[in-house]
Amino acid sequence: MAPAPPEEAPEELLRADRLPFERRYSWSGRFARLRQEARSDLEGFWGGIARRELRWERPFDRVLGGTPPEYRWFEGGELNAAVNCLERHHSTATAHRVAYYWEGEDGSRRTVSYADLYERVRRLASALAERGFGRSDRAAIYLPMVPELPVAMLALAYLGIPFTVVFSGFSAEALAHRMNDLDARLLLTAEVGFRRGKEVPLLATARAAAAQCEHLEQVIVLRRTANPPALQERELDWGELLAHRSPPVEPVPLPSAHPLFLLYSSGTTGTPKGIVHGTAGYLTHLAATMRWVFDPGPVDVLWCAADVGWVTGHSYIVFGPLLCGATSVLYEGALDYPGPARVYEILERYRVSELYTSPTALRSLRRQGDELAGSHDLGALRLLGSVGEPINPSVWEWYFRVIGAGRCPIVDTWWQTETGGIMVSPVPALDSRPLKPGSATLAIPGVDVAVLRDNGTECPAGERGLAVIRQPWPGMLLGLWNDPERYRSTYWSRFPGVYYTGDYAVRDADGYLWFLGRADEVLKVAGHRIGTAEVEGALLQHPAVAEAAVCAVPDDLKGEVPVAVVVLRSGALASPTLAEELAEMVGGRIGKFARPHRVLFVGRLPRTRSGKIMRRVVRGVIVHGKELGDLSTLEEEASVEEVRAAADSLAGDLAPSRATR
Ligand code: WT7
């Protein structure tokens, strides 16, 4: 058992109870009481939340079932996610509330109320049902950030069709891989997206992907321009589909563990794995974290400035806010387009009260200076959030002081695609504990995070270790699609019986958690998750490449960026043109965000005697100018010198720590 953090914090930096928050909860003691409740009766705790927060078509028999690690929450229950997000608001005043303020990059705007959203969802669901799609199918969604994206997700949920949203920055190959893995019969896409003033050719990419997918039967295409292209075989126009009024269908009651969606995410090895989320546990986790962390009330406007293509958008643009009947901003485009004022204009125009974004976005805003924040009315803001990567304390302070004008608490929320929702975060609506810049503070009630040494014992305060989660939680993944073995080995075998996060963390003397980045072969580039194996796999498809090692190098803006070290086949010539071609190829095969920042050429890579590439050594040389740690298993010392020479040719341009060495 972890030592209980002090309930009374010794020093105050920022006290949340001084802030204008009072709403649903009384401050004092509420948080401590919740944690205590969860500690003494985990099932009673989550069961109560599930009963109170969700509408059930059939009540559950058991809170926690399944066979570890295949835990199943709320066994025996039946419900529907679209009913919970939309239908149950229909008979209330929420029907007239705004669900989304949508804004396009060119300034176009749409306002979608809960009633509108529900109507669109029902019509799309009815049309899909009429065409024979149902809960035994799977679908893919490849759409930009338009209201039709949540409409598609909820219409599929309405029918119980598990879906995967593929971020619109992904390549045809990535889309095809996902559709084939799922045997998707249906794809919903758009003619184009808009980003940085340019059209993103989604349909062309979707067609290239569809050509590789045998199972795909129907592609539904949303028009976006005045001159849409002629549709091809198996494609259907979204508007026409809805214009033909199909007989209405009822939402399908689904077992608690029915898969709601899958998200493909990078791991240590191989291709991205399909992380499966169920219905009841996931929604319960979101309902709880929405209330504890964001606590939206009738005047709040939330702007989670992530893309719905990643889990943050699924949970805190779509399912979480809709469960609560909250109002969100949905913005399609780059945050700094056409100019740096864009973010501030949106905050001002919609009177955004809660902003949730990534440290990368904040670093880029900070670079633009403080004036823009001062020249816009950001007075509606009351809560600021950060997600996706560690936030530098100096960026945190800037966020607090400049964007929040010193009045808004910051919730630094730690979680993962696998966890479904927020796991570690300040809960200002409940807790008056002080915040600490750079720390996600404490686990939410009902979640038990520990920091372990390699040997499985708990690290004392101040010692870095591996973060694990010791008890099941409702938002947890159900497993990996079609791969129970990989599910066990990835998450449950590092330390038997506990969930392994893949993150380094340290707990301080006050019990606060500080997450320090990935401990495995996973990179966080601008908050996006990329596996070194995935980038290496893409490089190896080039005929000139014999071997490749990819590692994470710190970057002032993006947190970290991938750098590739490549060994060419004999006969191939290293050149800047080839380096550019290889980087381009990774962008094309995975998506632009995965493009290596630099490609270095060497004659050989550091390997162990058994032939494994020593990425740790490569990274040490590139980032710090020296090898770190134990080299006793290294096969050939000269290989290290080669990496050093290649990196030296770029020194200064790569990592700041090298330039000053
Ligand atoms: C990884 C998960 C959180 C949903 C979006 C990303 C890193 C996430 C934090 C934070 C430090 C963080 C971790 C984690 N991470 N939030 N507040 N502080 N690191 O989900 O793409 O599955 O990535 O993001 O390394 O393991 P994801």
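About the criteria used
- Residues numbered from 1 in each chain as written.
- Predicted model: local features only at pLDDT ≥ 70, side-chain atom pairs only at ≥ 80, totals over all residues.
- Heavy atoms only, no water.
- Helix = DSSP H or I, 4+ residues; strand = E, 2+ residues; numbered from the N terminus.
- Rg over C-alpha atoms; globule rule 2.2 N^0.38 Å.
- Buried < 20%, exposed > 50% of the residue type's maximum accessible area, 1.4 Å probe, protein only.
- Near = heavy atom within 4 Å.
- Polar contact = N/O pair within 3.5 Å; in protein donor to acceptor, adjacent residues only side chain to side chain.
- Areas by Shrake-Rupley, 256 points an atom, 1.4 Å probe, with all protein chains shown as cover.
- Nonpolar A, V, L, I, M, F, W, Y, C, P; charged D, E, K, R; others polar.
- Phe/Tyr/Trp six-rings, centres within 6.5 Å; stacked < 30°, edge-to-face > 60°.
- Lys NZ or Arg CZ within 6 Å of the ring centre and 35° of its normal.
- Pairing = 2+ DSSP bridges.
- Core = buried A, V, L, I, M, F, W, Y, C linked by side-chain atoms within 4.5 Å.
- Contact = heavy atoms within 4.5 Å.
- Axes fitted to C-alpha atoms, helices over the stretch in contact; angles between N-to-C directions.
- Salt bridge = Lys/Arg side-chain N within 4 Å of Asp/Glu carboxyl O.
- Expected span 1.5 Å × (residues − 1).

Trainee: Just to check I follow, could you spell out the overall build of the protein for this structure?
Mentor: Within the protein, the secondary structure is distributed over 20 helices and 30 strands. For a compact globule of 661 residues, the expected C-alpha radius of gyration is about 26 Å, and the protein comes in at 25 Å, within 12% of that figure. Projected onto its principal axes, the C-alpha positions of the protein cover 70 × 65 × 55 Å. Put simply, the protein has 661 residues, and 61% of those count as buried.

Trainee: What is the right way to look at the site of the ligand in this model?
Mentor: Lining the immediate environment of the ligand, one finds 17 residues, of which Asp412, Thr417, Asp503, Lys524 and Arg529 sit closest. Separating a nitrogen atom of the ligand from a backbone N or O atom of Gly388 is a distance of 3.1 Å. Within the backbone of Pro390, one N or O atom sits 3.5 Å away from a nitrogen atom of the ligand. Calculation on the ligand without its partners gives an accessible area of 550 Å², and the protein chains cover 96% of this total. Of all elements in the fold, only α10 (311-324), β20 (410-413) and β25 (513-518) reach the threshold of two or more residues within the shell around the ligand. Residues that form the shell around the ligand fall into these classes: six nonpolar, five polar and six charged.

Trainee: Explain the packing of aromatic side chains to me, please; I cannot follow it from the model alone.
Mentor: For any pair of aromatic rings, the description consists of the separation of the ring centres together with the inter-plane angle of the planes. A full pass over the atoms with the stated rule returns 32 aromatic pairs. A ring pair is formed by Phe167 and Phe170, whose centres lie 6.1 Å apart and whose planes are at 85°; its orientation type is edge-to-face. A centroid spacing of 5.8 Å and a plane angle of 80° characterise the contact between Tyr282 and Phe319, whose relative ring orientation is edge-to-face. Here Phe319 lies in helix α10 and Tyr282 lies in helix α9 (residues 280-294), a separation of 37 residues in the sequence. Residue Phe319 is classed as buried on the basis of its relative accessible area of 0%. Taken together, the aromatic side chains of Tyr71, Trp473, Tyr487, Tyr491, Trp492 and Tyr499 make up a single cluster linked through ring pairs. One cation-aromatic arrangement involves Arg110 over Trp102; the distance from NZ or CZ to the ring centre is 5.9 Å. A cation over an aromatic ring shows up here: Arg464 above the ring of Tyr504, its NZ or CZ 3.5 Å from the ring centre.

Trainee: Just to check I follow, could you spell out the pairing of strand β29 (residues 559-568) for this structure?
Mentor: Across a regular strand the side chains alternate sides, sitting on one face of the sheet and then on the other. Burial of β29 is extensive: nine of the 10 residues sit out of reach of the surface. Judged from the 10 bridges that link them, strand β28 (residues 545-555) and β29 form a sheet pairing that is antiparallel. Counted as the bridge partner of Ala548 is Val566 from β29. Counted between consecutive antiparallel strands, the loop separating β28 from β29 contains three residues.

Trainee: Is there a simple way to explain the nonpolar core in this structure?
Mentor: In summary, soluble globular proteins display a tendency toward joint burial of nonpolar side chains. Leu124, Ile141, Trp292, Phe319 and Val566 are the most contacted members of the largest nonpolar core, which has 167 residues in total. When residues no more than four places from it in sequence are discounted, the contact partners of Phe319 are Ala81, Cys85, Met153, Leu154, Phe163, Leu260, Phe261, Tyr282, Leu283, Leu286 and His314. Core analysis: the next-biggest nonpolar cluster, separate from the first, contains 30 residues, Leu347, Leu372, Leu378 and Tyr399 among them.

Trainee: Honestly, the sheet that holds strand β24 (residues 499-507) in this entry has me stumped. Any pointers?
Mentor: The strands making up a sheet associate through hydrogen bonds between their backbones, and the pairing can be parallel or antiparallel. As summarised here, the arrangement of the four strands in space is β21-β22-β24-β25, forming an open sheet in which the pairing is antiparallel. Bordering the open sheet on either side are β21 (449-452) and β25, each of which pairs with just one other strand. Ignoring strand direction, the axes of neighbouring strands in this sheet form an average angle of 45°. Bridging between β21 and strand β22 (residues 465-469) involves four bridges; their strand directions are antiparallel. Paired with Val449 across the two strands is Ile469, which belongs to β22.

Trainee: Before we go on, may I ask you to explain the pairing of strand β5 (residues 109-113) in this structure?
Mentor: Examined bridge by bridge, strand β4 (residues 98-104) and β5 share five bridges and lie antiparallel to one another. Bridged to Val98 within β5 is Ser113. Hairpin geometry of β4 and β5 is characterised by an intervening segment of four residues between the two adjacent antiparallel strands and by a positive phi of about 95° at Gly107.

Trainee: Any chance you could explain the sheet that holds β4 here in plain terms?
Mentor: Taken together, the seven strands give an open sheet; going across it, the order is β5-β4-β17-β16-β18-β19-β20, and neighbouring strands pair in mixed fashion. The open sheet terminates on both sides in strands that have one partner only, identified here as β5 and β20. Sheet twist, expressed as the mean angle between neighbouring strand axes with direction ignored, is 20°.

Trainee: Would you mind going over the environment of Pro428 with me for this structure?
Mentor: Turning to its location among the elements, Pro428 is positioned in the loop between β20 and β21. Accessibility expressed as a relative area gives 4% for Pro428, which makes it buried. Each C-alpha atom of the pair Pro428 and Leu79 lies 31 Å from the other, and the pair is 349 residues apart in sequence.

Trainee: In this structure, what is going on with the pattern of salt bridges? I would like to understand it.
Mentor: It is possible for side chains bearing opposite charge to pair when their charged atoms get close. Taken as a whole, this structure holds 37 salt bridges when the rule is applied. Note that Arg488 and Glu70 form a salt bridge whose closest N and O atoms lie 3.0 Å from each other. Of the two residues, Arg488 is situated in helix α15 (residues 484-491) and Glu70 in strand β2 (residues 70-75); the sequence distance between them amounts to 418 residues. Among the salt bridges present, the one from Glu536 reaches Arg615, with a minimum N-O distance of 2.7 Å. With Glu536 in helix α16 (residues 532-540) and Arg615 in helix α18 (residues 615-624), this pair connects stretches of sequence that are 79 residues apart.

Trainee: So what exactly am I meant to see when it comes to helix α2 (residues 42-53) here?
Mentor: Since the α-helix packs 3.6 residues into each turn, any two residues three or four apart lie on the same face. Here α2 is 12 residues long and its end C-alpha atoms lie 17 Å apart, about the 16 Å a rise of 1.5 Å per residue gives. Turning to α2, its buried residues number three or more, namely Leu42, Phe45, Trp46, Gly47, Gly48, Ile49, Ala50 and Glu53. In this fold, the buried residues of α2 make contact with α1 (30-40), β1 (62-67), β2, α3 (81-85) and α9.

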